[in-house]
Amino acid sequence: MKKMLTLCVIVLLSYPSFSQNDISSKAKALLAKMTLEEKLGQLNLIIPGGAAVTGSVVSTDVESKIKSGKVGGLFGFWGPDQIRKAQDLAVKNTRLHIPMIFGLDIIHGHKTIFPIPLGLAASWDMGLIEQSAKIAALEGTADGLNWAFSPMVDIARDARWGRISEGSGEDPYLGGEIAKAMVRGYQGTDLSKNNTLMACVKHFALYGGAEAGREYNTVDMSRIKMYEYYLPPYKAAVDAGAGSFMSSFNEIDGVPATGNKWLLTDLLRKQWGFKGFVVSDYTSLNEMVNHGVGDLQTVSAQSLKAGLDMDMVGEGLLNTLGKSLKEGKVSMADIDQACLRILEGKFKLGLFDDPYRYIDETRPAKDILTPANRAAARNIAAHSMVLLKNDKQLLPLKKSGTIALVGPLADNKRNMLGTWVVAGDWKQSVSVLEGIKNVAGNSINIITAKGANFTNDTALFLKRVNALGVEAEIDPRSSADMIDEAVAAANKADVVVAVVGETSNMSGEAASRADISIPASQQDLLKALAKTGKPLVIVLFNGRPLTLVWENEHAHAILDVWAPGTEGGNAIADVLFGNYNPSGKITATFPRSVGQIPIYYNHKTTGRPFDGTGFPKYKSNYLDESNDPLYPFGYGLSYTKFEYSPVMLSKTNLKGEEKLTATVTLTNAGKYAGEEVVQLYITDPVASVTRAVKDLKGFQKIMLQPGESKEISFVITTEQLSFYNSELKKIWEPGKFIVHIGTNSSNVQSAELQWSK
Ligand code: BGC
């Protein structure tokens, strides 16, 4: 203890208190004292034991590397005592006592898990999304961490891609608003506080554009598409002050992102003014060798010069830059720049003031999985759920009678949390059965039956889906026996609630699917349940849009609950029984069939547009499928009924930098109090480059009591008319514009105006 105090004193003396303004000069002064080896050590980020959860926290090899100053940061583990041990190794043993940074994949909560990001996005509630990140920061820092590998802001238009679950869907404007809310939530206003985490925005860039939705696949897209549709959320995160960025696995214009100078320097730093540091994705630097752009020494030098600062796991920078420096392939200035950015990050986090700032063994008990955190998770989960169908007002359910609660997810805690829950413990989660008992258990009779395995393809499960540990147990009974049991339960019940869909690991990293329907074993169950003629409610778990044409036709109600997190079961019951009236709206289009992908609302008209009527030849359509999605972007129902008045424009002829106000009156014409996401879209029908049929430009989430009406206004400026032209300049062009306001991207009220220069 005494030794440690002395050490802290040394550290504090070497790095006295500073203000944010002099971070750069402090970092430069420290850099001036460093040897080449010490500098390269700062660029090195490694994972103890080689695995996030199961590895020994500080393996011998890692330990000796830390002691010899070859490690700038660690990730993949947590807990104040473990992190203290690791920090001690760096601070007490290295010549300059430089503290390490500690990161983790905190994606949708740390230990109190919130809905998967695609679900969070469906809430369209920036306050709640920010709150989820703030609680994640409170819990992550209580566990000794100071760096979150989040937010993931990759736009995705392809539901086959498993990582669509980790982002906010297909829209760049909504994605940008969410990116800002997440950065605010993690970082707060002062990164050096011990309850804020540095955000790491990923995956820069365009990772969601993988061809055919296949994980890690090639990305190839026009600059206009990048600027208009894929880059805005990353830019929004820069504007919000994100401290770090992670480069992506994919290539851009034939150059892997991790070594792409245009991306990491020209765009990110020069055009956008990003001041933080860039870390690679997991061995993405080394993978440039597989991409076929050079050997490890070449790609390491290329990446450093491109603007990469820190190397995750691969140690290419650590092991090759010395040689490249001698051979003149990189300069000391290149190395200094990367090292400086990492030191600045550590200064911002306050680690030089106190390397143990985030380490307090009393905090986990005070700050993690508290009743307040769990209450927030329950509320946020309820807000993320989307009512996809509700025939004859079957929902909300009455708190009386008998419910047949069936399906492989009905009584299943393991799959409540969803993908990327490194520190989350499924045993802490509330199952659907438990939630229903908590909310309505005393007044209803519940009969349960599993009904089906997640899939009958056990090889897929054992080898791929369960690759990270058992997540879905396989019931040895035959499908027929399980279905018979469920049908018997249904026959005794007033209503059937079938809890079906994807397991947590059927989406997320390396979980692309070529068939995005509910697996056949569960569809067979649903078909048998439908035949009973009982009212059928589907509670759908999914990490992506699924193809649900049959389900939409035959179920009476469908509630999409994504993977709802720790308090999922309670939140599902809150919505099913009407304690909360659902208000979520999908943020990624649900296709009718996989052949329609990529399908997204902000598409172009084409030269031969199809208006949806008849069966004409030589139009942009399919022989065997409609062009329409099953559920459009922005879609989601409520237990109440919202009515929109026509759109009123304050002006219909504008000039120059004038503004106008577009207003609708929204009325709650139903019986329940409820929230509606009012969406504003704009169409620019004629421009020098082709534009989308419409683009989201604003939204407001409004609460109305039954019978209540409210005027909802949006101010429209030329900013909302602007787009990237063929020189990639952001401009607006005069002419006609159409303003749409409505309940989803397909169901809007519209009004036209003229705007001249
Ligand atoms: C993922 C990143 C993640 C990193 C560290 C990679 O495989 O692509 O999103 O942050 O691993 O766990």
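So, how was this worked out
- Residues numbered from 1 in each chain as written.
- Predicted model: local features only at pLDDT ≥ 70, side-chain atom pairs only at ≥ 80, totals over all residues.
- Heavy atoms only, no water.
- pLDDT = per-residue confidence, 0-100.
- Contact = heavy atoms within 4.5 Å.
- Helix = DSSP H or I, 4+ residues; strand = E, 2+ residues; numbered from the N terminus.
- Buried < 20%, exposed > 50% of the residue type's maximum accessible area, 1.4 Å probe, protein only.
- Polar contact = N/O pair within 3.5 Å; in protein donor to acceptor, adjacent residues only side chain to side chain.
- Pairing = 2+ DSSP bridges.
- Right-handed = clockwise from strand over helix to strand, strands pointing away.
- Axes fitted to C-alpha atoms, helices over the stretch in contact; angles between N-to-C directions.
- Left-handed = near helix turned anticlockwise from the far one by under 90°.
- Nonpolar A, V, L, I, M, F, W, Y, C, P; charged D, E, K, R; others polar.

This brings us to the confidence of the model for the chain. Mean pLDDT over the chain works out to 95, with 96% of the residues at or above the 70 mark. Considering only residues more than four positions removed or in separate chains, one finds that residues 1-18, a stretch of pLDDT under 50, has 30 contacts.

Note on placement: S192 falls in the loop between α8 (172-187) and β5 (198-204). A residue is classified by how much of its surface remains accessible, and S192, at 16% relative accessible area, is buried. Reaching out from S192, the side chain makes a polar contact with the side chain of D190 at a distance of 2.8 Å.

This next bit is on the pairing of strand β14 (residues 495-501). In terms of residue burial, β14 counts as a mostly covered element, since seven of its seven residues are buried. Every second residue of β14 is oriented toward a common face, with V495, V497, V499 and G501 on one face and V496, A498 and V500 on the other, all of them buried. Relative to β14, strand β12 (residues 402-406) is paired through four bridges, and the arrangement is parallel. What sits directly across from L405, in β14, is V497. Relative to strand β15 (residues 536-541), β14 is paired through six bridges, and the arrangement is parallel. Following the sheet pairing, V499 is matched in β15 by V539. At this point the chain moves from β14, through helix α21 (residues 520-531), to the parallel β15, and the crossover so formed is right-handed.

Moving on, we come to the packing of helix α20 (residues 479-491) against α21. Running from N to C, α20 and α21 cross one another at 35 degrees; their axes reach a closest spacing of 9 Å. For the pair α20 and α21, the sense of crossing is right-handed. Between α20, through I483, A486, V487 and A490, and α21, the contact on the second element is made entirely by D524, L525, A528 and L529. Residue composition of the contact of α20 with α21, grouped by class: seven nonpolar, no polar and one charged.

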